[in-house]
Every structure is written in C-alpha cells, then in structure tokens.
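Given next are the chains, with one letter for each unit.
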Amino acid sequence: MKHLNYLLLLLALVFTSCSKKTSADGGAKTPPTNLNVQAAVSTDNSGNVTFTATATNAASYGYDFGDGNYQTSATGAATYKYSAPGTYKVTVTATSSDGSTASKAMEVTVNVVLKLAWADEFNTDGAPDPARWGYDLGGGGWGNSELEYYTSRPDNVTISGGTLKITAKKEDYSGSTYTSARLVSKDKYNLKYGKVEIRAKLPSGVGTWPALWMLGSNYATTPWPACGEIDIMEHVGKDQNKIYSTLHYPGHSGANGNGSTTVIPTASTEFHRYGVEWSSAVIRFSVDDVPFFTFANSSSTPFNANFFFIFNMAMGGNFAGPVDPAITSATMEVDYIRVYQ
C-alpha cells in the first residue's frame, strides 16, 4: 500500500510539472496577456506610423515592421517611417520579465509621396559646387588596374552649357597615361533610401568606363565590400550601349556582383535617365523609368545605411579592358542629379 501511495504521489508531481510553464529558476512563467496594438498612420503621405502596444505583465515589446526592419521598445511606443508605399504585416511581440512571450500581428497600409530632397542641376558654369562635391585624387589603379590619374583640373572636370563634363584625356601625368576626374559627395551629402534620377550622356570608345554609383559612407571602418556598393550605371566601350546596374556586398564582390544589364541604342548620342528606387524592402534599377533589375533588400545586407555618390570616368582596367590607342579624350556629360525622399 505504501508503494501504491508513493506511485500516486509521483504521478501527481509529474503531471503538475508538465502542465505548467517554468522559468529558468524552476518557478512558473507568467506570459504577457491582453496584448493590444494600435497604429496611427500619418495623413501627410510621409510614411510615418506611430504604434502603441500595451499588455499585462510585459517588460518590453519587439516590433517587426514587415519590411525587414526591427525595433525594441520598453514602453510599447514606437514610431517608424516606411520608405515605400504598400501594405505591411507588422508583428508585435510582448516579453515578460521571465522571458515568456505573446505576439500579435496586424496590417498597416501607408502611402508615401516622395519629395525632392537634394539635387544639382549643373547650371552654373565653372567648377562643381564645393558645397555638394569634393574629389578623389590620384592614380595607382584604384583596385581595378585602371590607367587614369584623377585630378580636379578644369581640363578634366567642368560645368558649361548646363551640364557637368568629366573628361578623360590621354596624357602622361604623375606616372599615369590618362587623366580624368572622380567627384564624390562624401562628407557633403549622404542618403539612406529614396529615389535617385541622373540624366546623362555617355562616351563611346573601347576602354572607356564611365560610372554613376554610390558607396557605403562607413567604408573607412567597414571596408568594401562589407560597406556595400550601389552601381546605378556603368558602361564600358567594348560593350557599347549595354548598361550595367550592379550591387556589391559580401559574397558578391568584383565580377560576382549581383545585377543585370539593359541595352540603350543611343547611350552615347542622347541623354537618358538612370535611376534607382531604394527602400528597406527593395532596390530597383531603371533607365528612362523602365525597370530592368529588382533586388529584394533585407536587414542582412549593407543597404540599410548611409551612402554617398561617386561620378567618375575611368580608362581601361579589369572591367573595361585595353584602351583603343586612337582615343585621345572621352567625356561623360551629366545634365542633373535629383534625389527624392
């Protein structure tokens, strides 16, 4: 009989322990209850949404905004700015002091109307605006075995007739066989997300390599490719009229970049609009408003931080190949750059 009573007691203890959630110290867990989430979408088409979450026994709240971004709040209040219009599934997870959780999902629909945030129309003759642009100077191949030496001379970069002109010239200069220019908005203008439109006309000739691109602003502390690179437009004369748009990031550096191409028959005889739409959810490249490559962005990529612009005119190198010796100069013209956010 004693053995039977002992067995019944043991079964009762096992049943009790299996029917309760326990904390790390063996005590019963108390998950949050009565989780309630409210969302107030701004009516100014800015993409701003104010969230308020409440729950009994919650110590913190985690927000998954449905576009790859996350935020933690101790009070349950959170404000988030969506960079693109759409309907997003937002999941809020309340966590108690013992680590147990309760979650609730909801959908929010936002409308985002982009406004002009930064631009250069290149309408003032002379040197580029020093409030907007600086220069990368020098030679040495720039990691791609390029042949040019970058200067800030008017021979290589100037504004006239309403366009920026970056010209590569065949000449011996500081150990290089060509000179050119490389404009940067580094330390003057950075952006995270938005729509970029650059109207440009490209040079022709085998060995020319004009580029309109962006580099992660943290490149000094997070070296390439970890800082990320967004190539809005690249063109090499050996592939005349083929436009390259490419993303570089860990696992996709150099020739292994993630991108696509499109052919524009008049790339060197007419101006075209080279664009990128960049949000936390997507990066979409286009020419003359016609998309040709879309990348699904996420929190695991470098493309959720500040970037700056680079306009340059390279000669030769790993991508462009040997330069036609008959080329004595080649010019990329830029009519404007406009950033909408």
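Our subject is the structure that appears above.
The rules we used
- Residues numbered from 1 in each chain as written.
- Predicted model: local features only at pLDDT ≥ 70, side-chain atom pairs only at ≥ 80, totals over all residues.
- Heavy atoms only, no water.
- Helix = DSSP H or I, 4+ residues; strand = E, 2+ residues; numbered from the N terminus.
- Rg over C-alpha atoms; globule rule 2.2 N^0.38 Å.
- Buried < 20%, exposed > 50% of the residue type's maximum accessible area, 1.4 Å probe, protein only.
- Contact = heavy atoms within 4.5 Å.
- Areas by Shrake-Rupley, 256 points an atom, 1.4 Å probe, with all protein chains shown as cover.
- Lys, Arg positive; Asp, Glu negative; His and termini not counted.
- Charge placed at Lys NZ, Arg CZ, Asp CG, Glu CD.
- 1 Å grid on protein atoms, 1.4 Å probe; cavity = no way out; pocket = protein on both sides within 12 Å on 5 of 7 lines; lining within 4 Å.
- Points joined across faces, edges and corners; volume = space filled by probe spheres on them.
- Nonpolar A, V, L, I, M, F, W, Y, C, P; charged D, E, K, R; others polar.
- Pairing = 2+ DSSP bridges.
- Axes fitted to C-alpha atoms, helices over the stretch in contact; angles between N-to-C directions.
- Salt bridge = Lys/Arg side-chain N within 4 Å of Asp/Glu carboxyl O.

## Quick look at the overall build of the chain
Part 1: Along the chain, the regular secondary structure elements total two helices and 24 strands.
Part 2: Taking 2.2 N^0.38 as the reference for a compact globule, 341 residues should give roughly 20 Å; the C-alpha atoms of the chain span a radius of gyration of 28 Å, well beyond that estimate.
Part 3: Based on the C-alpha atoms only, the size of the chain along its principal axes is roughly 105 × 45 × 35 Å.
Part 4: With 341 residues in all, the chain has 44% of them scored as buried.
Part 5: Restricting to contacts in the chain with at least 6 residues of sequence separation, those with at least 24 account for 65%.
Part 6: Of the roughly 16,100 Å² that the chain leaves accessible, carbon and sulfur atoms contribute 53%.
Part 7: Each charge class in the chain can be summarised by its mean position, and for the 25 positive and 29 negative side chains these summaries are 9 Å apart.

## Considerations on the layout of surface pockets
Part 1: The computed volume of the largest pocket comes to approximately 790 Å³.
Part 2: Contributing to the lining of the largest pocket are 33 residues, with Asn144, Trp209, Trp224, Glu229 and His248 lying nearest its centre.
Part 3: Put simply, the parts of the chain that give the lining of the largest pocket at least two residues each are strand S14 (182-184), strand S16 (208-216), strand S17 (229-234), strand S18 (242-248), strand S19 (258-263), strand S23 (307-315) and helix H2 (317-320).
Part 4: Of the residues that constitute the lining of the largest pocket, the class distribution is 16 nonpolar, 10 polar and seven charged.
Part 5: If you add up the space inside the second largest pocket, you get close to 230 Å³.
Part 6: The wall of the second largest pocket is formed by 14 residues, among which Ser46, Lys81, Tyr82, Leu114 and Gln341 lie closest to the centre.
Part 7: Here the lining of the second largest pocket is built from residues that sort into five nonpolar, five polar and four charged.

## Some words on the pairing of strand S12 (residues 163-173)
Every other side chain in a regular strand lies on the same face of the sheet, so the side chains alternate between the two faces.
Part 1: With four bridges joining them, strand S11 (residues 157-160) and S12 adopt antiparallel strand pairing. Of the residues in S12, the one forming a bridge with Thr158 is Lys165.
Part 2: A loop of two residues connects S11 with S12, the two strands running antiparallel in sequence, and Gly161 in this loop sits at a positive phi of about 60°.
Part 3: As judged from the three bridges shared by S12 and strand S13 (residues 176-180), these two strands associate in the antiparallel manner. Note on S13: the bridge partner recorded for Lys170 is Tyr178.
Part 4: Counting the residues in the hairpin turn of S12 and S13 gives two residues, including Ser174, whose phi is positive at 50°.

## Considering the sheet that holds strand S6 (residues 86-95)
Part 1: Across the sheet, four strands lie side by side as S4-S3-S6-S7; this open sheet has antiparallel pairing. Edge positions in the open sheet fall to strand S4 (70-73) and strand S7 (101-110), since each of these has one partner strand only. Between one strand axis and the next, the sheet turns through 20° on average, direction left out of account.
Part 2: As paired strands, strand S3 (residues 60-64) and S6 are joined by five bridges and run antiparallel to one another. Bridge pairing links Asp64 to Thr91 in S6.

## Section: unusual backbone geometry
Part 1: Residue Trp224 is joined to Pro225 through a cis peptide bond whose omega torsion reads 5°.
Part 2: One can find Pro225 in the loop between S16 and S17.
Part 3: Phi at Asp187 is positive, roughly 65°, even though this residue is not glycine.
Part 4: You can see Asp187 is positioned in the loop between S14 and strand S15 (194-201).

## What to know about the sheet that holds strand S2 (residues 48-56)
The strands making up a sheet associate through hydrogen bonds between their backbones, and the pairing can be parallel or antiparallel.
Part 1: Taken in spatial order, the three strands of this open sheet run S1-S2-S5, and their pairing is antiparallel. Among the strands making up the open sheet, the edge pair consists of strand S1 (33-41) and strand S5 (77-81). Here the strands of the sheet are splayed against their neighbours by 20° on average, with no regard to which way each runs.
Part 2: Here seven bridges tie S1 to S2, and the two strands are oriented antiparallel to one another. Within the sheet, the bridge partner assigned to Asn36 lies in S2 and is Thr54.

## So, the pattern of salt bridges
Part 1: Taken as a whole, this structure holds 11 salt bridges when the rule is applied.
Part 2: Notably, a salt bridge pairs Arg338 with Glu121, separated by 3.0 Å at the nearest N-O pair. Separated by 217 residues along the polypeptide, Arg338 in strand S24 (residues 329-340) and Glu121 in the loop between strand S8 (116-120) and strand S9 (134-135) bring together distant segments of the chain.
Part 3: Given a relative accessible area of 27%, Glu121 falls into the partly exposed group.
Part 4: The salt bridge partner of Arg153 is Glu171, with a shortest N-O separation of 2.6 Å.

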